[in-house]
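Residues per chain, in single letters:
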Amino acid sequence: MLNSTKYQHRFSDNHEGTELPVGKVVCVGRNYLDHIKELGNEIPSQAIYFIKPSTAIRDMSNDIVIPQDKGACHNELELAFLVAKTLTKVTPEEVSESIAGVGLGLDLTLREEQEKLKEMGHPWERAKAFDGSCPLSEFRPWNELKELPYFEFSLYVNSQQRQVGDSRLMIRTVFELIADMSQFFTLEAGDVVLTGTPKGVGPLHVGDVIKATLSGYIEIDTRVVAA
Ligand code: ZN
């Protein structure tokens, strides 16, 4: 295999690249009420955004590599949207024309590190932007989806269902969220938006067998290995 470790965005109907470059990942914290309650957080009056650099991205269907010396590394399975064209200060209506595909992303989070950073009022990058912190699935082409459906997705760890997500339970809808992000950060073709985790976050361990599904669209079997 040529260049098998080099990440490239892929569509699920064939395994070819999408031609889109690999850009940044813009993420939102606390977009599902059940997860806010799970960690005892407040409902934010404005969305909490953070960015993972392109160096965080890996192919989810390869092994998921977690750090060994930085405390618990938690799963956060999220809906991922691949951006097709430049978005600056757009409306939710404009967003629907600008998506290349939908898939799954894991926002791997060093939870103990994040708790320390939160206490100190520091940014979260150490906990969330490290190399390999963003495994992504292939993407289902957006133009195959006639209208915005709702999405259900799940994460299984060692055959136990750990997370169930439903896009109808988001505090901000996908289009509202991306439009709001674009008021602050220009999104470019090849960037990815992660839309927040539902409840069910927990530590991953080396040897865990992982199944991630986007109902009706994508199913991935992978496993957790040591860095
Ligand atoms: Zn997240």
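This structure is a prediction, so every number in the text was calculated from the model and none was measured. (Residues numbered from 1 in each chain as written. Predicted model: local features only at pLDDT ≥ 70, side-chain atom pairs only at ≥ 80, totals over all residues. Heavy atoms only, no water.)

Quick look at the sheet that holds strand β12 (residues 160–166)
Spatially, β4-β15-β14-β11-β12 is the arrangement adopted by the 5 strands of the open sheet, whose pairing is mixed. Because the sheet does not close on itself, it has two edges, and the strands there are β4 (64–66) and β12. When the angles between neighbouring strand axes are averaged without regard to direction, this sheet yields 20°. Note: strand β14 (residues 209–214) against strand β15 (residues 218–226), 6 bridges, orientation antiparallel. Within the sheet, the bridge partner assigned to Ile210 lies in β15 and is Thr222. (Pairing = 2+ DSSP bridges. Helix = DSSP H or I, 4+ residues; strand = E, 2+ residues; numbered from the N terminus. Axes fitted to C-alpha atoms, helices over the stretch in contact; angles between N-to-C directions.)

A few points about the pattern of salt bridges
By the definition in use, this model includes 15 salt bridges. Across the pair Lys128 and Asp107 runs a salt bridge, and its minimum N-O distance is 2.8 Å. In this pair, Lys128 is assigned in helix α4 (residues 125–128) and Asp107 in the loop between β7 (99–106) and β8 (109–110), connecting sequence segments 21 residues apart. Residue Lys128 shares its accessibility class with Asp107, and that shared class is buried. Glu113 is paired through a salt bridge with Lys116; the nearest N and O atoms lie 3.8 Å apart. Here Lys116 and Glu113 lie together in helix α3 (residues 111–120), a separation of 3 residues that amounts to about one turn. In this structure, a network of salt bridges that share partners links the residues Lys52, Glu76, Asp107, Arg111 and Lys128. (Salt bridge = Lys/Arg side-chain N within 4 Å of Asp/Glu carboxyl O. Buried < 20%, exposed > 50% of the residue type's maximum accessible area, 1.4 Å probe, protein only.)

Points about the side chain of Glu113
Looking at Glu113, the relative accessible area reads 16%, which means it is buried. Once you skip the residues sitting within four places of it in the chain, Glu113 turns out to touch Arg126 and Ala127. (Contact = heavy atoms within 4.5 Å.)

Quick notes on empty space enclosed by the protein
Evaluation of the coordinates by the stated rule reveals 2 cavities of 30 Å³ or more. In this structure, the largest cavity is lined by 17 residues; those nearest its centre are Gly29, Arg30, His35, Glu76 and Gln114. Secondary-structure elements contributing two or more residues to the lining of the largest cavity are β1 (25–29) and α3. Element by element, the count of residues in the lining of the largest cavity is highest for α3, at 3 residues. Partitioned by chemical class, the residues of the lining of the largest cavity number 4 nonpolar, 6 polar and 7 charged. By volume, the second largest cavity amounts to about 30 Å³. Taken together, Arg58, Asp59, Asp63, Ile64, Val65, Gly132 and Pro135 make up the full set of residues lining the second largest cavity. Grouping the amino acids of the lining of the second largest cavity by side-chain chemistry returns 3 nonpolar, 1 polar and 3 charged. (1 Å grid on protein atoms, 1.4 Å probe; cavity = no way out; pocket = protein on both sides within 12 Å on 5 of 7 lines; lining within 4 Å. Points joined across faces, edges and corners; volume = space filled by probe spheres on them. Nonpolar A, V, L, I, M, F, W, Y, C, P; charged D, E, K, R; others polar.)

Remarks on helix α5 (residues 174–181)
With 6 of 8 residues buried, α5 lies mostly within the body of the structure. Tucked into the core, α5 has its buried residues touching β1, β2 (48–52), β6 (77–83), α2 (92–95), β7 and β13 (192–194).

Some remarks on the pairing of strand β11 (residues 152–157)
Examined bridge by bridge, β11 and β12 share 6 bridges and lie antiparallel to one another. Within β12, the residue paired with Glu152 across the bridge is Asp166. Hairpin geometry of β11 and β12 is characterised by an intervening segment of 2 residues between the two adjacent antiparallel strands and by a positive phi of about 50° at Asn158. The pairing of β11 with β14 spans 5 bridges and is antiparallel. Bridge pairing links Phe153 to Leu214 in β14.

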